Amino acid sequence: MSALLKNYSRYPVEFVEGKGINLYDVNGTKYLDFLSGIAVTGFGHRHKEITEAANNQLNKLWHVSNLFEATQQENLAAKLTKKSGLHSVFFCNSGTEANEAAIKFARKWGGDRKTIIVANGSFHGRTMGSLSATGQKKLWNGFTPMLQGFKFVDFNNIDQIKEQIDKTVCAVMIEPIQGENGIIIPDDEYLPELKQLCNEKNILLILDEVQAGMGRTGKFFAYQWSNILPDIITSAKGLANGLPLGATICGKSVANTIFPGDHGSTFGGNPVAVAAANKVVDLLTEKQLLENYNNGETLKKEILSLKNPLIKTIRGKGLMIGIEFTKPVAKVIAKELLKNKILVGNSGDTVLRLLPPFIITKDDIQKFAKIFISVLSKV
Ligand code: PLP
């Protein structure tokens, strides 16, 4: 009888060790990790330099709170603002917290305007603000009333946003690629048009890069595939390669509205997580980003070459890939792959999600393809 709350349905496997792209269960059985802790461990498990950076900090100082100077946070913030072109950073511990901060900051910036336009199908997190911004109403069941001040539009539809803009709207908040909804990529013009519309209407563009950011798509941030600059970016997941860290990265005009006491977090920007993140950001060189992208292309090609009738389409950028099936078999296939010692994710019943680490090799891809095709033939 478990003393854990039953909010998760867990696969009956326990992992006790990881190295690179591999995980090992309690019996020492080796698995291939094509999930990366749901887009978190981009550099794989126990990456030498990241582990060293975290260990060095663990051996020096774990925690002092945000009441004191924090040079490592400053360094990380400087790197993130340089990479993004924005101005300043608030550190927290998770994606949902990064989005909570973004919602608060947008409301502060907006003055009397408190409404945020968000997308159907989106996922922004599980705390009340982020959940209220999440366009999957099934996740609201039992938790209403939701936070007020969100208007929902279809993803990838500029006209609907135009229709919804009124005197109360301060921001539009979207994922540059919808992750939990099945790796949905908007049209190339969508983000540039949205940014232009936001500029015209003096509205903030908030991009939730929690899943798509930190190099996963082959750019540091996924929006960098478009030639735009958002007003707020939220990041977490891959930021510290598995240690809890989130960031809300703000443009100058937003930053100028935030003052001491407006927001905070006891653990946010914890020294150990920040030490790991500083290393992660340094490792995400242009060469590494290109490799991520190329690895993703190779993986997509390999899957396409399987030409299986169950595969309806493959979409994705870099190492954020969705395989849509012609039948609702995604969960069954994920389970079968696990039985065959491969970890993947799913989005609902029809989309399999592949989020492998950046260190993936051609051998790993071929091994995956071989097992995947044998699993497909049995479903
Ligand atoms: N935003 C996006 C786009 C996500 O994919 C997720 C998690 O899957 C979150 C926010 C929430 O992040 P966390 O689980 O760290 O709170």
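Reading the values: the criteria
Residues numbered from 1 in each chain as written. Predicted model: local features only at pLDDT ≥ 70, side-chain atom pairs only at ≥ 80, totals over all residues. Heavy atoms only, no water. Helix = DSSP H or I, 4+ residues; strand = E, 2+ residues; numbered from the N terminus. Rg over C-alpha atoms; globule rule 2.2 N^0.38 Å. Buried < 20%, exposed > 50% of the residue type's maximum accessible area, 1.4 Å probe, protein only. Contact = heavy atoms within 4.5 Å. Areas by Shrake-Rupley, 256 points an atom, 1.4 Å probe, with all protein chains shown as cover. Lys, Arg positive; Asp, Glu negative; His and termini not counted. Charge placed at Lys NZ, Arg CZ, Asp CG, Glu CD. Near = heavy atom within 4 Å. Polar contact = N/O pair within 3.5 Å; in protein donor to acceptor, adjacent residues only side chain to side chain. Nonpolar A, V, L, I, M, F, W, Y, C, P; charged D, E, K, R; others polar. Domains from an automatic or database assignment. Buried area = accessible area lost by both parts, 1.4 Å probe. Salt bridge = Lys/Arg side-chain N within 4 Å of Asp/Glu carboxyl O. Patch = residues over 30% accessible without salt bridge, like charges linked within 9 Å, V, L, I, M, F, W, Y side chains within 5 Å. Pairing = 2+ DSSP bridges. Right-handed = clockwise from strand over helix to strand, strands pointing away. Expected span 1.5 Å × (residues − 1).

S.K.: Can you help me understand the overall build of the chain in this one?
M.R.: The number of helices and strands found in the chain is 12 helices and 15 strands. In terms of overall dimensions, the chain is globule-like: its C-alpha atoms have a radius of gyration of 20 Å, near the 21 Å expected for 379 residues. Seen along its three principal axes, the alpha-carbon backbone of the chain occupies a region of about 60 × 50 × 50 Å. Scored against the burial criterion, the 379 residues of the chain give a buried share of 54%. Sequence separation of at least 24 residues holds for 70% of the intrachain contacts in the chain that already meet a minimum separation of 6. If you sum the accessible surface of the chain, you get close to 17900 Å²; carbon and sulfur atoms cover 53% of it. Of the side-chain charges in the chain, 45 are positive and 36 negative, and the distance between the mean point of each set is 4 Å.

S.K.: Even after reading the chapter, I still don't get the site of the ligand, so can you show me in this structure?
M.R.: Near the ligand there are 13 residues, and of these Gly95, Thr96, Asp208, Gln211 and Lys237 occur at the shortest range. In the model, an oxygen atom of the ligand is placed 2.9 Å from a nitrogen or oxygen of the threonine 96 main chain. Contact with the protein chains covers 82% of the free accessible surface of the ligand, which is 390 Å². Top contributing element to the shell around the ligand by residue count: helix 4 (residues 95-110), with three residues. For the shell around the ligand, a count of residues per class yields two nonpolar, seven polar and four charged.

S.K.: Please explain the domain arrangement of the chain as it appears in this structure.
M.R.: By a frequent convention, interface size equals the accessible area lost on bringing the separate parts together. Here the domain parsing of the chain yields domain 1 (15-33 + 286-378) and domain 2 (49-283). Inter-centroid distance (C-alpha atoms) of domain 1 to domain 2 is 27 Å. Taken together, the 19 residues of domain 1 in the interface contact 19 residues of domain 2. Between domain 1 and domain 2 the total buried area reaches about 1600 Å² when both faces are included, carbon and sulfur atoms providing 63% of it. The largest contributions to the domain 1 side of the interface with domain 2 come from Leu289, Lys317 and Met320, which together make up 43% of the buried area. In this structure, the connection of domain 1 to domain 2 is made through one salt bridge. Connecting domain 1 to domain 2 are nine residue pairs in polar contact (both at pLDDT 80 or more). Of all the secondary-structure elements, those providing two or more residues to the side of domain 1 that touches domain 2 are helix 10 (286-304), strand 11 (311-317), strand 12 (320-325) and strand 15 (351-354). If one sorts the elements of the side of domain 1 that touches domain 2 by residue count, helix 10 sits on top with four residues.

S.K.: What exactly am I supposed to notice about the pattern of salt bridges here?
M.R.: Where charged atoms from two side chains of opposite charge approach closely, those side chains can pair. Tallied over the entire structure, the rule returns 13 salt bridges. In this structure, the salt-bridge partner of lysine 48 is glutamate 52, at a minimum N-O distance of 3.3 Å. Highlighted residues: lysine 48 and glutamate 52, both in helix 2 (residues 48-58), separated by four residues, approximately one helical turn. Two residues, aspartate 166 and lysine 151, come together in a salt bridge whose shortest N-O distance is 2.8 Å. On the criterion of sequence distance, the pair formed by aspartate 166 in the loop between helix 6 (158-164) and strand 7 (169-174) and lysine 151 in strand 6 (residues 150-153) is long-range, its members being 15 residues apart. Salt bridges sharing common partners tie together Lys312, Arg315 and Glu324.

S.K.: Help me out: how do you make sense of a negative patch on the surface in this one?
M.R.: A surface patch of negative charge is lined by Asp159, Glu163, Asp187, Asp188, Glu189 and Glu193. Looking at the element boundaries, aspartate 187 is found in the loop between strand 7 and helix 7 (190-201).

S.K.: How should I be thinking about the pairing of strand 5 (residues 115-119) in this particular structure?
M.R.: Looking along a regular strand, one sees side chains alternate from face to face of the sheet. When you tally the buried positions in strand 5, you get five out of five residues, the bulk of the element. Residues Thr115, Ile117 and Ala119 point to one face of strand 5 and Ile116 and Val118 to the other, with burial holding for every one of them. In this sheet, strand 7 lies alongside strand 5 in parallel orientation, the contact comprising four bridges. Directly across from valine 118, in strand 7, lies its bridge partner methionine 173. For strand 5 and strand 6, the ladder comprises four bridges, and the chain directions are parallel. Bridging from a neighbouring strand, alanine 119 pairs with valine 153 of strand 6. Following the chain from strand 5 across helix 5 (residues 128-133) to the adjacent parallel strand 6, one finds a crossover that is right-handed.

S.K.: Help me out: how do you make sense of helix 9 (residues 271-283) in this one?
M.R.: An α-helix turns once per 3.6 residues; consequently, residues spaced three or four apart project the same way. Across its 13 residues, helix 9 extends 18 Å between first and last C-alpha, which sits within 8% of the 18 Å expected from 1.5 Å per residue. In terms of residue burial, helix 9 counts as a mostly covered element, since 11 of its 13 residues are buried. Residues of helix 9 that are buried: Pro271, Val272, Ala273, Val274, Ala275, Ala276, Ala277, Asn278, Val280, Val281 and Leu283. Check the buried side of helix 9 and you find it contacts helix 2, helix 3 (71-84) and helix 10. Structurally, the start of helix 9 carries an N-cap: the backbone nitrogen of valine 272 is 2.9 Å from a side-chain oxygen of asparagine 270.

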